[in-house]
Amino acid sequence: MFRFHKPLDIVTLFHKASSPASVRAATVLKQASANATEAATEDQASDHSHQTNPHRASFQLDISEDLPTADQVQTILEYAGKSKISSIINGASTEKDALRKFKENAENFKRPVIVDWNNGRALASDKESEILKMLDQLNEK
């Protein structure tokens, strides 16, 4: 019997190497990705320790130093929600304002921004607890 394997969720970090916050976010994501991959073994299928010692779902980590496209920014803003727009685009208060400011100067895009494309989530933070909470939600599908 065969089964279809679910493709890994794609998590992208829009990264700026010169930003200490972005470097912290990259470190947390790399560690979480390595730990999730290490824990995903076949012999755990009959192991119930995951109920008392949960492991994060494996995911594909994409770290990009390129700025997102305007379409990606629009999607990221939708994922993040209206209350988080100013944490993603400098000085913006609405989605329309954010897109205008991004098109005027792409450097208005604040990094780090972490995007879970498969589950429609975006986070502009370097806080380990917030990043890990987002990653824990990969298990909740």
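In short, a report on the structure.

About the cut-offs
- Residues numbered from 1 in each chain as written.
- Predicted model: local features only at pLDDT ≥ 70, side-chain atom pairs only at ≥ 80, totals over all residues.
- Heavy atoms only, no water.
- Phe/Tyr/Trp six-rings, centres within 6.5 Å; stacked < 30°, edge-to-face > 60°.
- Helix = DSSP H or I, 4+ residues; strand = E, 2+ residues; numbered from the N terminus.
- Buried < 20%, exposed > 50% of the residue type's maximum accessible area, 1.4 Å probe, protein only.
- Pairing = 2+ DSSP bridges.
- Arc of directions from axis to C-beta.

## Concerning the packing of aromatic side chains
Line of reasoning, step 1. Applying the stated criterion across every chain, the model contains four aromatic pairs.
Line of reasoning, step 2. With a centroid separation of 6.5 Å and an interplanar angle of 85°, the aromatic rings of Phe 14 and Trp 117 are classed as edge-to-face. In this pair, Phe 14 sits in strand 1 (residues 9–14) while Trp 117 sits in the loop between strand 3 (113–116) and strand 4 (121–123), placing the two residues 103 residues apart along the sequence.
Line of reasoning, step 3. Trp 117 sits in the partly exposed class, given a relative accessible area of 23%.
Line of reasoning, step 4. Aromatic side chains Phe 102 and Phe 109 sit 6.3 Å apart centroid to centroid with 75° between the ring planes, which places their arrangement in the edge-to-face category. The same class applies to Phe 102 as to Phe 109, namely buried.

## Regarding the pairing of strand 3
Line of reasoning, step 1. Burial of strand 3 is two-sided: the residues Val 113 and Val 115 facing one way and the residues Ile 114 and Asp 116 facing the other way are all buried.
Line of reasoning, step 2. Where strand 1 and strand 3 come together, four bridges link them in antiparallel fashion. In the sheet register, Val 11 faces strand 3, and the bridge partner there is Asp 116.
Line of reasoning, step 3. Sheet analysis places strand 3 next to strand 4, joined by three bridges and oriented antiparallel. Bridging from a neighbouring strand, Ile 114 pairs with Leu 123 of strand 4.
Line of reasoning, step 4. Taken together, strand 3 and the strand that follows it, strand 4, pair antiparallel across an intervening segment of four residues, in which Gly 120 is found at a positive phi of about 65°.

## Quick notes on helix 5 (residues 128–136)
Line of reasoning, step 1. For helix 5, the complete set of buried residues consists of Ile 131, Leu 132, Met 134 and Leu 135. Along the axis of helix 5, the buried residues cluster in a sector spanning 155°; they form a single face. Away from its buried face, by an angle of more than 90 degrees, helix 5 presents the exposed residues Ser 129 and Lys 133.

By themselves these figures say nothing about function.
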